[in-house]
Amino acid sequence: MEKKYDHKQVESNKYEQWLQQKLFQAGDLKKPPFCIVIPPPNVTGRLHLGHAWDTTIQDVIIRYKRMKGYDALWIPGMDHAGIATQAKVDERLRSQGTNPRGMNRDEWTKIAWSWKEEYAKIIRSQWGKLGLSLDYSREKFTLDPDLNNAVNEVFVTLYNKGYIYRGERIIHYDPVAMTALSNIEVIYKEEEAILYYLKYQLADSNQYFTIATTRPETIFGDTAIAVNPNDKRYNQMENKMVIIPTLDKKIPIILDEHADMEFGSGVVKITPAHDQNDFEVGNRHNLDRVICLNPNGTMNNAAGKYENMDRFQCREKLVNELKEKGLLLREEKITHSIGYSERSNAIIEPYLSKQWFVKVDELAKHTIENQKNAKTKVNFFPERFENVFLNWMTNIQDWCISRQLWWGHRIPAWYKDDEIHVGKEPPVGEGWVQDEDVLDTWFSSALWPFATLGWPQRLNRRYFPNNVLVTGYDIIFFWVSRMIFQSLEFNNERPFQDVLIHGLIRDKDGRKMSKSLGNGVDPMDVIDQYGADALRFFLMSNSSPGQDLRYDEDKVKAAWNFNNKIWNATRFVLLNTKDFPSPKHTFKRLSLYDKWILARLNETILETQKAIENFEFNIVCNTIYSFVWNDYCDWYIELSKFNLESPTTKSVLIYVLTEIVKLLHPFMPFVTEEIYQKFNNDQTSIMISNYPQYNKKLRYKDEINKVEKIKEIITTIRNVKQENKISNEYYLINQLNREELYLITDHQIEIGKILKTSFVKEKPANMQEIIITFAYGKIILCYNSTTNNNIDKEMLQKEKETLIESINKRTNLLANENFTKKAPPNLVDSEKQKLNEETEKLKLIEEQLK
């Protein structure tokens, strides 16, 4: 076994071996089922750090459940990601000198499928590099024929129920990609802009209204101006006409509460085709809807002489014209939120368009009602996100599901003159033309938990509902909510029992990772440098449910160091037990330290199992880390060196190390498999070994108490030596209380060797002394020193202050009836014992200070 841990050597071939052994495949009907369906990554490129985090959490859960005896199924899959993938394919085609829109749809789609195959291979290799235990025999892609069948089934059924309709609505529109966008595909940025105050002249009068807008180019779509009906300044103006600036066109004054009397002049322009609020006002007053922009972001014929001019160029020219004609009263710099397309980075346009929508109010009501039933609801971890989810479902709006793309599920609707046919199969007869649009990617993703399990042909009820979904809080609205209401609608059942919400990955300074900041991290680069186990352990040990995670390379290095610590511990155990038949463990004649480490292992198992069942993976990792680094490596291995001839101690060394790698396996699959095989003669994988179980017979409370006192003695003496800069010869005098004397008398050989000293009965001549106090007595340290002639009074004073503060806190806690009556009795007793010990220690320190 190499002296230094080499992650590249350890991780090189294991994944392929696991695949060949079919260890990831589910289907053992003798075991209870457990299922996770992977949130599918986009086939647009390499996996990002957020996906590495997301999937590592899932892999930890699935490996843990597999070791707990479950038939654990983890279904892999990928998402076609309509807009994002089409943008990438188009970009590649343009770089090759090909105009993608100059191709026909079938030609373009063939190239897109080639892209998908290329990047699917990359994603699979990256999953392997991360060590994800996915059942590839069940892999799915959102454009697979069976999933397309599921999508069409849902669309047609909802259409026939009246839940899907086609109509004109204001949508988020990307004029570069020339498609509608979902809310999640719009990124809002606070930016400086100009607010233009325009002059709307009252027809047949010199009077005018001042109206402010940040988008003056939309005046060509104005069909009214509005004043509040309660505004006494203007409410007598209803039905009078005003003239649109620069145009010889009159529009009416209407009364509507949308106009805010307290904001600006209290008068607003109404542009129903280019603003969501104006669209609603227009509906209330039966106003025309004048579109003044082309789909590509240029002005149309409604803009007159500005036709075919880019919208921002038009703005610049129009503002100059307004100035020249005295119709621009003033300009004001403001900061406001501007929406950008996540994919093309174009400023989006609120745009009136005929699109397909899902009427979601009834679906939302069903979902909200289901959350009231504790047996059938989806459980959110942390619980606070259920309120976030319900608030959004309460205020949900109709969902625009059509996209002006080629890559995606084509809408199963056909047109012929004024007729429309919606069905899973094309209509019979000639002259029918299928809708050119595809469905929003989220529409197919919403069916993922059950479409991947055979629905609608035959839903595999063994694995449905899924047990848990792991995802970020940023897509609760856009994915989690839609999966829930679609599953309730089509299966009358929740899609998953639990949903574990995590946060976003940020850089070390808390900034969101982005290309513009240049602070992104490629997880594959991290694996190359530190290994998958180190990355995984960092990701799992540095965050809690619902919280953001800050990437810190120093902490990844610390995770690698932890790997190395375990590796070196393994080398020690192998070296000192090489002739020992490891399967034949014996726990006869256990030493004090053997009992202590077994008891501490037992406590660690209990704590980790409780935390892992509650998805508190940071607690699990930190608990195991503390036990491995401190208890096993720093203490037990050192203490075992005094008893290595004992078969029992050898047994304990191997047994505890084996249990450690089992506890760590879900988090660090590669190194734990490597170590496990060193002690496992039948060569079965650690993946299908039994997860450690709590054993009541191994509690050994008294032994834990004794060893903790021995550790305290050794640690305190080391600290006193360091603080007093004692590096030369020194001796110790045992003056512990009578009932605690055995701590030294029974163990002075190992204590002496560890501390590189010996115990004497009285102070040697010409030596100085330091009295070290404990709650159970004192030990005198005798030393030669030219620089330390007095007891370190300052150190004792600091210790006294710390003790007083702790005693006060414990006294107040024990005086609190809410604690003493509601806390577990063992916890109350523990606090009382600690208070007594600290009080005794304080008395000894005060005597020493005198």
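Rules and cut-offs
Residues numbered from 1 in each chain as written. Predicted model: local features only at pLDDT ≥ 70, side-chain atom pairs only at ≥ 80, totals over all residues. Heavy atoms only, no water. Helix = DSSP H or I, 4+ residues; strand = E, 2+ residues; numbered from the N terminus. Buried < 20%, exposed > 50% of the residue type's maximum accessible area, 1.4 Å probe, protein only. Contact = heavy atoms within 4.5 Å. Lys, Arg positive; Asp, Glu negative; His and termini not counted. Charge placed at Lys NZ, Arg CZ, Asp CG, Glu CD. Pairing = 2+ DSSP bridges. Salt bridge = Lys/Arg side-chain N within 4 Å of Asp/Glu carboxyl O. Core = buried A, V, L, I, M, F, W, Y, C linked by side-chain atoms within 4.5 Å. 1 Å grid on protein atoms, 1.4 Å probe; cavity = no way out; pocket = protein on both sides within 12 Å on 5 of 7 lines; lining within 4 Å. Points joined across faces, edges and corners; volume = space filled by probe spheres on them. Nonpolar A, V, L, I, M, F, W, Y, C, P; charged D, E, K, R; others polar. Axes fitted to C-alpha atoms, helices over the stretch in contact; angles between N-to-C directions. Parallel < 35°, antiparallel > 145°, perpendicular 65-115°, else oblique. Phe/Tyr/Trp six-rings, centres within 6.5 Å; stacked < 30°, edge-to-face > 60°. Expected span 1.5 Å × (residues − 1). pLDDT = per-residue confidence, 0-100.

1. So, the overall build of the protein chain
Within the protein chain one finds 26 helices and 28 strands. Over its C-alpha atoms, taken along the principal directions, the protein chain stretches across nearly 115 × 65 × 55 Å. Relative to its 850 residues, the protein chain shows a buried fraction of 54%. Within the protein chain, contacts between residues at least 6 apart in sequence are counted, and of these 77% link residues at least 24 apart. Computed over 113 positive and 117 negative side-chain charges, the inter-centroid distance for the protein chain is 5 Å.

2. Considering the sheet that holds strand β19 (residues 419-422)
Strand order in the open sheet formed by three strands is β19-β18-β20, and the pairing between neighbours is antiparallel. A strand with exactly one partner marks an edge of an open sheet, and here the two such strands are β19 and β20 (433-434).

3. Structural notes on the pattern of salt bridges
Going through the model one piece at a time under the given rule, you end up with 55 salt bridges. For Lys116, the salt bridge is made with Glu117, and the minimal N-O distance between the two is 3.2 Å. Taking the shortest distance from any N to any O, the salt bridge between Glu805 and Lys809 comes out at 3.7 Å. Residue Glu805 and its partner Lys809 are located together in helix α24 (residues 793-815), separated by four residues, close to a single helical turn. Assessed through its relative accessible area of 48%, Glu805 is described here as partly exposed. Put simply, Arg600, Glu603, Asp631, Glu708 and Lys711 are held in one network by salt bridges that share partners.

4. Some details on the nonpolar core
Formed by 138 residues in total, the largest nonpolar core has its most connected members in Ile61, Phe617, Tyr632, Phe667 and Leu781. Apart from the residues lying within four places of it in its own chain, the contact partners of Ile61 are Phe34, Ile36, Val468, Val470, Leu500, Phe615 and Phe617. Counting residues in each nonpolar core, the second largest holds 59 residues, with Ile184, Val378, Ile411 and Tyr463 among its members.

5. What to know about the sheet that holds strand β5 (residues 164-174)
The four strands lie next to each other as β6-β5-β14-β16, forming an open sheet whose pairing is antiparallel. Since the sheet does not close on itself, it has two edges, and those belong to β6 (179-181) and β16 (399-400), each with one partner. With two bridges joining them, strand β14 (residues 349-358) and β16 adopt antiparallel strand pairing. Residue Phe357 lies in a different strand from β16, and its bridge partner there is Cys400.

6. Regarding empty space enclosed by the protein
Per the stated rule, a full pass over the model turns up two cavities of 30 Å³ or more. The space that makes up the largest cavity amounts to roughly 90 Å³. Ile57, Ser543, Ser544, Pro545 and Phe617 are the residues nearest the centre of the largest cavity, which is lined by 14 residues in total. Taken together, the elements giving at least two residues each to the lining of the largest cavity come down to α3 (49-67), β23 (496-502), α15 (532-541) and α18 (617-640). Across the lining of the largest cavity, the residue classes tally to nine nonpolar, four polar and one charged. When its volume is computed, the second largest cavity comes out at roughly 40 Å³. Along its surface, the second largest cavity is lined by Leu598, Leu601, Asn602, Ile605, Tyr655, Gln693, Asn695 and Leu698. It is helix α17 (residues 592-613) that provides the largest number of residues to the lining of the second largest cavity, a total of four residues.

7. Concerning the side chain of Lys140
Mapped onto the secondary structure, Lys140 falls in strand β4 (residues 140-141). Excluding residues that lie within four positions of it along the chain, Lys140 makes contacts with Pro76, Gly77, Met78, Asp146, Leu147, Trp448 and Thr452.

8. Observations concerning the packing of helix α10 (residues 384-394) against helix α13 (residues 476-491)
Put simply, α10 and α13 touch, their axes get as near as 11 Å, and they point 80° apart. As summarised for this structure, α10 and α13 are arranged roughly perpendicular, according to the angle between their axes. Residue-level inspection shows Phe385, Val388, Phe389, Trp392 and Met393 of α10 in contact with α13, the latter providing Ile476, Phe477, Ser481, Ile484 and Phe485. Class assignment of the residues belonging to the contact of α10 with α13 gives a composition of nine nonpolar, one polar and no charged.

9. Structural notes on the environment of Cys782
Here Cys782 lies in strand β28 (residues 777-783). By relative accessible area, Cys782 is classed as buried at 0%. When the C-alpha positions of Cys782 and Asp554 are compared, they lie 41 Å apart, and in sequence the two are 228 residues distant. Residues in contact with Cys782, not counting those within four places in the same chain, are Glu729, Tyr730, Tyr731, Ile733, Lys763, Pro764, Met767, Gln768 and Glu769.

10. Brief notes about the packing of helix α6 (residues 145-160) against α13
It is the contact of α6 with α13, at a shortest axis distance of 12 Å, that shows an interaxial angle of 75°. The angle between α6 and α13 falls in the class roughly perpendicular. Here Val154, Thr157 and Leu158 of α6 lie close against α13, whose contacting residues are Gln486, Glu489 and Phe490.

11. Let's talk about the pairing of strand β27 (residues 768-774)
Counting buried positions along β27 yields five of seven residues, so the element is predominantly enclosed. Pairing of β27 with β28, which is carried by seven bridges, proceeds in the antiparallel orientation. Bridging across to β28, Ile770 finds its partner in Leu781. Taken together, β27 and the strand that follows it, β28, pair antiparallel across an intervening segment of two residues.

12. Some thoughts on the packing of aromatic side chains
Aromatic rings in a pair are described by how distant their centres are and how their planes are angled relative to each other. Per the counting criterion, the structure on display carries 40 aromatic pairs. Each ring, one from Trp127 and one from Tyr136, has its centre 6.3 Å from the other, and the planes form 40°; the classification is tilted. On the basis of relative accessible area, Tyr136 is assigned to the partly exposed category, the value being 22%. Considering the side-chain rings of Trp399 and Phe485, the 6.3 Å spacing of their centres and the 75° angle between planes classify their relative orientation as edge-to-face.

13. Regarding unusual backbone geometry
Residues apart from glycine generally show negative phi values, whereas peptide bonds are mostly found in trans. For the bond from Phe381 to Pro382, the omega torsion is -5°, close enough to zero to count as cis. Mapped onto the fold, Pro382 is located in the loop between β15 (379-381) and α10. In the Ramachandran plot, Asn239 falls in the positive-phi region, its phi being about 75° despite a non-glycine side chain. With respect to the element layout, Asn239 can be found in the loop between β9 (224-227) and β10 (241-243). For Asn286, which is not glycine, the phi torsion reads 55° and is therefore positive. One can find Asn286 in the loop between α7 (276-285) and α8 (311-324). The class of Asn286 is exposed, set by a relative accessible area of 70%.

14. Overview of α3
The end-to-end C-alpha distance of α3, which contains 19 residues, comes to 27 Å, matching closely the 27 Å that a straight helix rising 1.5 Å per residue would cover. Counting buried positions along α3 gives 18 out of 19 residues, so the element sits mostly inside the fold. Positioned one or two residues after α3, Gly69 has a phi angle of 95°, which is positive.

15. Observations concerning the confidence of the model for the protein chain
Averaged over all residues, the pLDDT of the protein chain is 92; the fraction at 70 or higher stands at 98%. Taken element by element, the predicted model of the protein chain shows its lowest mean pLDDT in helix α25 (residues 817-822) (81) and its highest in α6 (98).

16. Digging into the environment of Asp682
Its location among the elements puts Asp682 in the loop between α20 (669-678) and α21 (701-723). With a relative accessible area of 52%, Asp682 lands in the exposed category. C-alpha separation for the pair Asp682 and Lys189, spaced 493 residues apart in sequence, amounts to 59 Å.

17. Regarding the pairing of β19
Across four bridges, strand β18 (residues 413-416) lies against β19 in antiparallel orientation. Bridge pairing links Ala413 to Val422 in β19. Between β18 and β19, which pair antiparallel one after the other, the connecting turn spans two residues, and Asp417 there sits at a positive phi close to 55°.

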